[in-house]
Every structure is written in structure tokens, then in C-alpha cells.
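Chains, contacts and geometry: an overview
The chain contents come next:
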Amino acid sequence: MEAIVQFFRDYPLLWTLVKAVVLANFTLAIPLAVIYIERKVAGFIQSRLGPVHVGPQGTFQTVADALKLLLKEDIVPAGADKRFFYIAPYIAFVSVVLSFMVLPFAPGWVALEMNVAVLFVIGVSLFNVVSILMAGWSSNNKYSLLGGLRAVAQLLSYEVPMVLSVLVVVVYTGSMSLTGIIEYQVQHGWNIMHPPVMIAAIIYFVCALAEINRTPFDLPEAESELVSGFNTEYSGMRFALFFAAEFANNFFITAFAAALFFGGWDGPILPPIVWTFVKVFVMIFVFMWVRWTPPRLRIDQILRFAWQFLVPVSLANLLFAVALGVR
Amino acid sequence: MTIHQAPKRTKYNPFVYFVEGLVTLFNGMVVTWRNLWRPKVTVRYPYERRPVPPRYRGLFYLKWNEEKGRLNCVGCTLCAQACPTNVISMVKIGKGQNAGVSEFTMDLGRCLFCNLCVEACPFDAIYMGPAYELASERRDACVFRIADLAQGGEEAVRKNIETVMRLMAEEEQAKPAAAVHAPRGGHAE
């Protein structure tokens, strides 16, 4: 094993390729677990059982679903802008893989050590918006277009307070590298202990919900209004890719929060990688819990909430953080 | 006379809005959290089933009379006449009080499960039972013969015919020898 790893390490290009393959497959595999948990939690909250048939406790249900989607016909609607229609799901997926690239799972377990990782993540995750707009616009379907436009309006508004709340952490730790931020927390205690970061974490949580289109903010794919939103016309593998990207993004946004606010891999007794996953899945559970509780907001309520409340509060919070914790 | 006025609209205050939102969200999340741990209502149907209610209208059965050793049915066709969709057809054997059926066919593809045949029967012969999975991929699987319907199956049908024949023979023997039937349809000159 060691010899194999050493062999790849001797050839940096090969080593990069290995990391890319591992990350891409991880990004494809993680949604299977997250979707399974989502369906179980949804079932339990509604006094159902969730999937139980395929495999022990239905664990292979999502695998079976993914296989089914891969085998299905790939339909392109008449009048669709084919180039954009084809390429949109890949952009969505690639944007998530790119974000995973700079995410440290454990000490040394990071595909690309980047000193501006936070900035990189924020930049790359905006590709998701592009892909949603492309999908909505190219589908030649009014529901898709409405979903896409709503997605852009919503994601762009919530990106602002999200970035401002992430900035609070950067101000506190004096680093933009995710590894640096986590190592700071290992030494000085978790960031969430500081009041401004606490506020920032709450704002981040709300924005994250909006960012991954989950229920109080799931306007881009509001089933009761827009059929399925921007991915209405997608079928088969492309739909699966959108779905995978969404749930991988769900995983990533919680992992990012764990790194920023909850000390990443930091924790007693258990190995670091386990701590990362524990924190991530607890937060994913909270996301699901929220998803099955409040009803959907209206588009004007959502935008008003973002611009009139979250942006000023996060700006004030940033000032507060600078005043308190500048180093 | 008082004029009802709409309640004064308070000015939109984002902070009040936010706090109210948090409180209602918290209340809702308590509800869903409790629901998470409540017993599940799902019945995993093919593996487990609900008990069938006692008066459930499922598959018909012809009642077996253990005392007499035969089916209760005497082939009077009252059920067939009561049926709005002509589900029932039968072959009668014998006549009079001891008559019975040798064949009793129900085409459940037409059946409404309306219970009229059961209500029409004066002999307690036909009932609706608790069996319910009657769907099939073939049309002729909807036709239920006497062996499918009788309580006790093939064996009961065979015994039923035997008993009815025996009863008929006994009746014949008990009659005075003089009373021979005239040939049917002919006038006795």
C-alpha cells in the first residue's frame, strides 16, 4: 500500500489525477448517503418508515434509484437550446467537486492546500447559480425559466450575507486557508464560542438553507408552483447529476460550516475524520429537520428578508467582529 | 352603528419579523422533533396486514353444513336473480327440499361486491368472506368455480353431491310404488 502511494507521489501529475478521481467519486457517492438519510428522516417525521425494501433497512434504495436514472432515456425537449441544456448539469456538478477540492477532512487530507480557500469556495459555488440559470433558460419551458430566475435572484441575494458572515471568521482567525482556520481552532478553541461568530453562524445557517434551495427557501424548485423548477425538463443521467450536485452541495456547505465554526476535525477520542463526518451529519440532520418543519416563503418575503435584514445585520456584525477581535 | 375597521397595519419591522419567525420556527421544530420519535403508522403490507373487519365484503363462500354433510345451497337461483350484474350461474341437482347444486360459478370480474345475493339467500348458503387479494393478470382467473367457493373445497363439493344424491334416492324409495311419474310434457290419456 505504502509503495503504491509512494509511486503515485513520485509523479505529481498522476497523484493529482488520483486525487481528482477520488474526489469526483466521493462527490458522486456522498449524495447516495445523504438522500437515504433525507428519506429516512422525512419518513420518521411524517410517522412513516421511509425506504425499507432494498437491502438492510433500505440502505441500497438510493443506489437502485441512481442505477435506474442512469439507464433511463435522456430526453431533450423540442426547441431547447441544446448546447446549454447538455452542459448545465455538468457545470453544477463540477462546481461542487471544485469546492470539495479545498476542503480538509482531516489533518493532511486535503486535495489542494490553498491559502485563499475560503475565497475560492465562495467563487466556485457561484457556478452553481450559472448552471441553474442555464438549465432554466435552455429548457424552453416557462416553469424551468421561472425556477431559474428565482434561483438567481435568491442565490445572489443570500450570497452577500453569507460572504459577510464568513468574513467574520476570517477576521477572527486571520487566515483564509481552511486548514489554517481549523488549526487555529484546534489551538484556541472553536470559533463558535465568540459572540460575533455565533451571530455569523446563525446568519450562515439561514443563508446555507437558501443556498442549497431547501424548504423555507426552496423557491427554485417549488413543486406546487413550478412542477419541479429549473430541472423540470431533465431526465435520466442529467437529472441525476443535478440531484447529486444538490445533495453534494448540501454536504459541502455543512462541512464548510464545520470547518469555519465548529473546529473541523477537532474533537476528543475519535479520529479526526470521524469528527468531521459527525459534525457534518448532525448539521445535515438539522437541515432536514428544518426542511420538514416550516412552509415555503414567498419570493418577495425571501428577498426582503435578505436585503432588509440579513445584509445590514451581517454588516453590523462584521464591524462588531472587527472592533472586538482584530488581531 | 359601528363600522368594522381593518386592524391597523403595523409598519414592517424586520427585527420583529425575524424574532417572530424564529419563535414560530422553534415551535414547529418542537412538533416535528416529537413526531420523529412517535410510533410509525406504516403497515408493511405484503409482509404484515391489518386485521380484516368482521363484516368485510371479500371473496364469497358457500356455507358447508356439517350436520347434514352438504352445502346449504339448494340451487334456488334467488341470488342469481338478485344480482344486478349477472355474476352467478349454477347447476341444480335434484328437486324439492333436498335439492342441491353440482356447479356454482361466479364471474367476479363483473361483481360489485354489493351483498345483494347474500341478502337474498333464504338458506344461509352464500356469504362474503375475508379474502381480498382477488386481482389477477388473466381474465379467466376472475371466474370462481364451486370448488373455489365452497367451504372445504373439492372434498366438500364431492361430499355435497354424494349427500344430495343419497337424499334423493331415499326420497324416491319412501314414495309409494304406484305414484310413478308420467312422462314429462305428455298428456295422460
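Computed from a predicted structure; not experimentally measured. (Residues numbered from 1 in each chain as written. Chains lettered and ligands numbered in written order. Predicted model: local features only at pLDDT ≥ 70, side-chain atom pairs only at ≥ 80, totals over all residues.)

1. Considerations on the overall build of chain B
Selection rule: Helical segments are the DSSP runs of H or I of at least four residues, strand segments are the runs of E of at least two, and each set is numbered from the N terminus. Here, residues touch in the contact sense if the C-beta positions derived from the backbone fall within 7 Å of one another.
Per the secondary structure count, chain B includes five helices and seven strands. Listed by position from the N terminus, the elements making up chain B come as α-β-β-β-α-β-β-α-β-β-α-α. Counting only contacts in chain B whose residues sit at least 6 apart along the sequence, the fraction spanning at least 24 positions is 70%.

2. So, the overall build of chain A
Where we set the bar: Using C-alpha atoms as the atom set, the radius of gyration is obtained and then compared with a globule rule of 2.2 Å times the number of residues to the power 0.38. Three exposure classes are used. Buried residues have 20 or more other C-beta atoms within 10 Å of their own C-beta, exposed residues have 12 or fewer, and partly exposed residues fall in between, all C-beta atoms being placed from the backbone.
Helix and strand content of chain A: 13 helices and zero strands. A compact globule built from 327 residues should have a C-alpha radius of gyration of about 20 Å, and chain A, at 20 Å, falls within 12% of that. Residue burial in chain A is summarised as follows: out of 327 residues, 45% are buried. Partitioning the intrachain contacts of chain A with sequence separation of at least 6 by distance along the chain shows that 76% fall at a separation of at least 24.

3. Considering the nonpolar core
Residues and elements named next belong to chain A. In plain terms, the rule: Buried Ala, Val, Leu, Ile, Met, Phe, Trp, Tyr and Cys residues form a nonpolar core when they are connected through C-beta atoms within 7 Å.
Val169, Tyr204, Cys207, Phe251, Phe252 and Ala257 are the most contacted members of the largest nonpolar core, which totals 90 residues. With 18 residues, the top contributor of residues to this core is helix 11 (residues 236-261). Residue contacts for Phe251: discarding those within four places in its chain leaves Ile30, Val34, Val280 and Ile284.

4. Some remarks on helix 5 (residues 117-125) of chain A
Residues and elements named next belong to chain A. Just so we agree on the cut-off: The arc in question is traced by the directions running from the helix axis to the C-beta atoms.
Listing the buried residues of helix 5 in full gives Ala117, Val118, Val121 and Ser125. Taken around the axis of helix 5, the buried residues stretch over an arc of 105°, which confines them to a single face. Against helix 4 (82-101), helix 6 (127-138), helix 7 (142-173), helix 8 (178-188) and helix 11 lie the buried residues of helix 5.

5. Things to note about the environment of Arg50 of chain B
Residues and elements named next belong to chain B. In this structure, Arg50 sits in the loop between helix 1 (14-37) and strand 1 (60-62). Residue class for Arg50 comes out exposed when judged on the 7 C-beta atoms lying within 10 Å of it. Remark: the alpha-carbon pair of Arg50 and Tyr17, spanning 33 residues in sequence, is separated by 47 Å.

6. Considerations on unusual backbone geometry
Phi at Ser47 of chain A takes a positive value of approximately 60°, unusual for a residue other than glycine. Take Ser47 of chain A: it is sitting in the loop between helix 2 (12-45) and helix 3 (61-71). For Thr77 of chain B, which is not glycine, the phi dihedral falls at a positive 65°. By the element assignment, Thr77 of chain B lies in the loop between strand 3 (70-71) and helix 2 (78-82).

7. Structural notes on the confidence of the model for chain A
Predicted coordinates in areas of low pLDDT are best not read in detail. Just so we agree on the cut-off: A residue's pLDDT is the predictor's confidence in that residue, given on a scale from 0 to 100.
For chain A, mean pLDDT is 85; residues scoring 70 or higher make up 98% of the total. Put simply, helix 10 (residues 223-226) of chain A is where chain A has its lowest mean pLDDT, 70, and helix 12 (residues 272-291) of chain A is where it has its highest, 89.

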